[in-house]
Amino acid sequence: MIQIDRQYPEKAIINFIREWFRLLSSGDLREACIALDEATNYGHVWTPTSIELILNEVFSDDTIFYREFGPPRFSDPDELSTPKLEAAGEFDDGSGYWFDYPVPLNGQWSDLTAQFEFHEREKGFAVILQDLHVL
């Protein structure tokens with residue numbers, strides 16, 4: 001759970017997302033998965049293996065990305081310029097927020113997007129990674 005100031009939600013959300021990517025870049029996929037509070041809306045619970053599987057499927061050795069940059073590896077977002085957000089907003093019913101954020105890989109912002117949702121609960125906002133996909 002994270003705390004989000006409804007007047008300025010973007011700050012807490014982006015801080016969480018960047019910290020989550022820092023965990024991935026340091027190889028701590030287990031801690032990154034623990035930081036996610038709930039399963040996706042289709043019941044998927046993220047594990048280090050499922051994150052690595054998607055990364056290696058999307059950027060397999062027959063992709064342009066792999067040929068140009070090598071095997072995909074997570075990068076520290078603090079080592080990159082600020083990305084352009086793909087999309088972000090508040091749910092129509094006011095129950096939380098959604099953010100599509102580019103994934104830092106191999107020292108750059110990639111085409112892979114992390115689709116996060118933050119749902120209001122009694123003790124804060126539950127963090128859910130709905131999907132990792134290429135837009």
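As shown above, the structure is provided for reference.
> Before we go on, may I ask you to explain the sheet that holds strand β1 (residues 87-90) in this structure?
Strand pairing within a sheet occurs via backbone hydrogen bonds; the two strands may be parallel or antiparallel. One open sheet accounts for four strands, arranged β1-β2-β3-β4; its pairing is antiparallel. Each edge of the open sheet is held by one strand with a lone partner, namely β1 and β4 (124-134). Across this sheet, the average inter-strand angle for adjacent strands is 25°, counted without regard to direction. Across 10 bridges, the pairing between strand β3 (residues 108-121) and β4 is antiparallel. In the sheet register, A114 faces β4, and the bridge partner there is L132. Lying over the sheet, helix α1 (residues 9-25) contacts β2 (96-105), β3 and β4, oriented at roughly 35° with respect to β2. Where helix α3 (residues 48-58) meets the sheet, its contacts fall on β2, β3 and β4, and the angle it forms with β4 comes to roughly 30°.

Quick notes on the rules
Residues numbered from 1 in each chain as written. Predicted model: local features only at pLDDT ≥ 70, side-chain atom pairs only at ≥ 80, totals over all residues. Heavy atoms only, no water. Pairing = 2+ DSSP bridges. Helix = DSSP H or I, 4+ residues; strand = E, 2+ residues; numbered from the N terminus. Axes fitted to C-alpha atoms, helices over the stretch in contact; angles between N-to-C directions. Contact = heavy atoms within 4.5 Å.

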